[in-house]
Amino acid sequence: MIMNKTLGSMIFIAVTQLLLFGCGGGGDPDLQDPDIVLILLDTVRSDHLSVNGYHRETTPVIDSLAASGIMWDRVQAQSSWTLPAMASIMTGLSQRSHDAGFAAGEFYGIDPVLPTIPLLLKRNARYQTAAFYNVIFMNQDFGFHTGFDHFDCQGFVGKASIRDAGMTVDDFLEWYDSSRDPERPLFTAIHFFDPHLPYSPPPPYDTLYSDPKADPLFNRFWGGRNHVEAVNLGEVEMTDEQLEIMVGLYDGEIAFTDTQIGRLITELDRRERLDNTVFVLVADHGEEFLDHGGFGHGHTLYQELLDVPLIFCGRGIQPASRHDVAAHIDLLPTLLGLAGVEKPIWAEGRDLFAGESSGDMRYVPSSNLIWSPYDLAALRMENRVIVGNPMEQEPVLYDLDSDPRQNEPLVPSRESKDQLFYYWSVPPRGNPQAVPFMESMVRTLRDLGYVN
């Protein structure tokens, strides 16, 4: 049940050497715009990465990315579920601004009028753009295709029809070898859905940290919506032993995904592209393991769902640690900055390499729930977070220094409440139309060849 530490160390050393000598400080930063590989991790909370002191060696490759580049230790997601969080990454806008998410029983994607990272890089810096996504909420019906020359989304509801991390890397490399334009810089977004429920890592990762057959209910097949709701509603109680099984399977998914990220880096090195590549790794949201009595994500705005990893590594990026608060909305201005494209005036985030991070205190917002009868918004102010809904309940404040697990709510100041109410009243920049979810599922099944 324990990962082979020698194997983990070998992976760490090999990938670190590739990054340090291939791209970590090498290459002429004035030669041409860098290739940008945006690695999007689904459902990965920061404290389950071994680089952050986790008790299991889950992520030797990601550890090597952090050691060879820059890792932020305070990163706030803009929502606690995929659709609105990924929309914030792609548009540089908070959830209340782009308005993608779930409301009044309907799903809303990215408004086509909103510029996205790939569209801006293609228009302003001649980038070739490609996406490899693995969840229905990121398909063309939800607007995530905008700006991509090549768009490949194979996601569906559940994971039975979704390619795993290894297949995703395979498909990217097949496209790369057949369609990569060497005359243009490349922006590619590669999405790994594996750590999402149900946790069903392939062998040997399924038995790496737990026995998936030790319990008749809580195993690799558990994790459907009805299963999670039964736990969250208190209809089914999960014991400590059962929780450990699920956490072990989740960690196995992370460990498997980590190896495939290593394979991606190794294959790009074989194609002699590392010296001009910047890797960016970020997660959309975390996962709750009964931290506040619930399981899964999309139902609260506690930090186990909002605290996500963010790493930059590659050409021209020197190893460092960053302690300023970063956010999903910072990805768009920062990636544009790497390509020499000026930050749009409407972008709500900061270019993390342009010295903007050392100014006045920032207020980083998060909002939109899917598995809750009411909505919430959270506002992070350095190491304090205010959470509430002006229409439903009185906001509460948490001091993450003295109360990192958010068990002791405090009375917020008038200023912090005003800031939260101001965010709640922000008029949206996007006005997306509702996405007919059943129609999108049928179209996805048709595209995957399951129906005519």
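Because the structure is a prediction, the values reported are computed rather than measured. (Residues numbered from 1 in each chain as written. Predicted model: local features only at pLDDT ≥ 70, side-chain atom pairs only at ≥ 80, totals over all residues. Heavy atoms only, no water.)

Student: Before we move on, could you go through the overall build of the chain and cite the residues and values that matter?
Tutor: Within the chain one finds 12 helices and 19 strands. Expressed as a percentage of the 452 residues in the chain, the buried residues total 60%. Counting only carbon and sulfur atoms, one obtains 52% of the accessible surface of the chain, whose full area is about 18100 Å². (Helix = DSSP H or I, 4+ residues; strand = E, 2+ residues; numbered from the N terminus. Buried < 20%, exposed > 50% of the residue type's maximum accessible area, 1.4 Å probe, protein only. Areas by Shrake-Rupley, 256 points an atom, 1.4 Å probe, with all protein chains shown as cover.)

Student: An account of the sheet that holds strand β12 (residues 310-314) is requested, with residue identities and associated values reported.
Tutor: Taken together, the eight strands give an open sheet; going across it, the order is β7-β6-β8-β1-β9-β12-β2-β13, and neighbouring strands pair in mixed fashion. Only two strands of the sheet have a single neighbouring strand rather than two, namely β7 (150-153) and β13 (320-322). Neighbour to neighbour, the strand axes of the sheet diverge by 10° on average, direction disregarded. In the packing of helix α2 (residues 60-68) onto the sheet, the strands contacted are β1 (35-41), β2 (70-72), β9 (277-283) and β12, and the crossing angle to β12 comes to about 70°. (Pairing = 2+ DSSP bridges. Axes fitted to C-alpha atoms, helices over the stretch in contact; angles between N-to-C directions. Contact = heavy atoms within 4.5 Å.)

Student: Got a sec to walk through the sheet that holds strand β5 (residues 106-108)? Specific residues and values, please.
Tutor: The strands making up a sheet associate through hydrogen bonds between their backbones, and the pairing can be parallel or antiparallel. Strands sit in the order β4-β5-β19 across an open sheet of three strands; the sheet is antiparallel. Since the sheet does not close on itself, it has two edges, and those belong to β4 (101-103) and β19 (434-435), each with one partner. Both β4 and β5 contribute to a ladder of three bridges, which runs antiparallel. Paired with Ala103 across the two strands is Glu106, which belongs to β5.

Student: Lay out the packing of helix α6 (residues 165-179) against helix α8 (residues 240-270) with the relevant residues and their values.
Tutor: For the pair α6 and α8, interaxial distance at closest approach is 9 Å and the crossing angle is 15°. Classified by the interaxial angle, the pair formed by α6 and α8 is roughly parallel. As for how α6 packs across α8, the hand of that crossing is right-handed. On α8, the residues that touch Ala165, Gly166, Val169, Asp170, Phe172, Leu173 and Tyr176 of α6 are Phe256, Thr257, Gln260, Arg263, Leu264, Glu267 and Leu268. Split by residue class, the contact of α6 with α8 holds eight nonpolar, three polar and three charged. (Parallel < 35°, antiparallel > 145°, perpendicular 65-115°, else oblique. Left-handed = near helix turned anticlockwise from the far one by under 90°. Nonpolar A, V, L, I, M, F, W, Y, C, P; charged D, E, K, R; others polar.)

Student: I'd like a rundown of the pattern of salt bridges, residues and numbers included.
Tutor: The tally for this structure, following the rule as stated, stands at 21 salt bridges. With its nearest N and O atoms 3.0 Å apart, the salt bridge here joins Asp418 to Arg414. Here Asp418 pairs with Arg414, and both are found in helix α11 (residues 414-424), just four residues apart, close to one helical turn. Using a relative accessible area of 36% as the deciding quantity, one classes Asp418 as partly exposed. Judged by relative accessible area, Arg414 falls into the exposed class, the value being 62%. One continuous salt-bridge network, built from bridges that share partners, spans Asp177, Glu267, Arg270 and Arg271. (Salt bridge = Lys/Arg side-chain N within 4 Å of Asp/Glu carboxyl O.)

Student: Quick one: what's the story with the pairing of β9, residue by residue and with numbers?
Tutor: Burial of β9 is extensive: seven of the seven residues sit out of reach of the surface. The side-chain alternation of β9 yields two buried faces, one formed by Thr277, Phe279, Leu281 and Ala283 and the other by Val278, Val280 and Val282. Relative to β9, β1 runs parallel, the two sharing seven bridges. Counterpart to Ile39 in the pairing with β9 is Leu281.

Student: Just give me the short version of the packing of aromatic side chains, but keep the residues and values in it.
Tutor: Considering all chains together, one arrives at 26 aromatic pairs under this definition. Measuring from centroid to centroid gives 6.4 Å for Tyr133 and Phe144, while their planes differ by 90°, and the two rings are edge-to-face. With a gap of 11 residues between them, Tyr133 in strand β6 (residues 128-133) and Phe144 in the loop between β6 and β7 connect regions that are remote in the sequence. Each member of the pair, Tyr133 as well as Phe144, is classed as buried. Pairing Phe148 with Phe187 gives two aromatic rings, centres 6.2 Å apart and planes at 15°, and the pair type is stacked. Separated by 39 residues along the polypeptide, Phe148 in the loop between β6 and β7 and Phe187 in strand β8 (residues 186-192) bring together distant segments of the chain. Here Phe148 matches Phe187 in class, with each residue buried. Put simply, the rings of Tyr199, Phe218, Trp222, Tyr250, Phe289 and Phe295 pair up and form one aromatic cluster. The ring centre of Trp424 lies 4.6 Å from the NZ or CZ of Arg96, which sits over that ring. Geometry around Trp371 places Arg225 over its ring, the cationic atom sitting 3.8 Å from the centre. (Phe/Tyr/Trp six-rings, centres within 6.5 Å; stacked < 30°, edge-to-face > 60°. Lys NZ or Arg CZ within 6 Å of the ring centre and 35° of its normal.)

Student: Could you give an account of the side chain of Glu304, with specific residues and numbers?
Tutor: Along the chain, Glu304 falls in helix α9 (residues 303-306). For Glu304, which is buried and forms no salt bridge, the nearest opposite charge comes from Arg45, at a distance of 5.6 Å. Excluding its chain neighbours within four sequence positions, the residues that come into contact with Glu304 are Arg45, Gly286, Glu287, Glu288, Asp291, His292 and Gln406. (Lys, Arg positive; Asp, Glu negative; His and termini not counted.)

Student: Go over helix α5 (residues 117-125), please, and point to the residues and values.
Tutor: Taken together, the buried positions of α5 are occupied by Ile117, Pro118, Leu119, Leu120, Leu121 and Ala125. Residues of α5 that are buried in the fold lie against β1, α3 (82-91), β6, β8 and α10 (331-338). Remark: Arg126 follows α5 within two positions and exhibits a positive phi of approximately 60°.

Student: Tell me about α2, and please be specific about residues and values.
Tutor: For α2, a buried count of eight out of nine residues is recorded, marking the element as mostly surrounded by other parts of the structure. Along α2, the residues classified as buried are Pro60, Val61, Ile62, Asp63, Ser64, Leu65, Ala66 and Ser68.

Student: Provide a residue-level description of the side chain of Glu267, including the pertinent values.
Tutor: Tracing the sequence through the fold places Glu267 in helix α8. Exposure remark for Glu267: the relative accessible area of 15% places this residue in the buried category.

Student: Any chance you could break down unusual backbone geometry for me, citing the residues and the numbers?
Tutor: A cis geometry characterises the amide bond from Leu197 onward to Pro198, with omega recorded as -10°. Here Pro198 shows up in the loop between β8 and α7 (225-232). The linkage connecting Pro203 with the following residue, Pro204, adopts the cis geometry, with an omega of 0°. With respect to the secondary-structure elements, Pro204 resides in the loop between β8 and α7.

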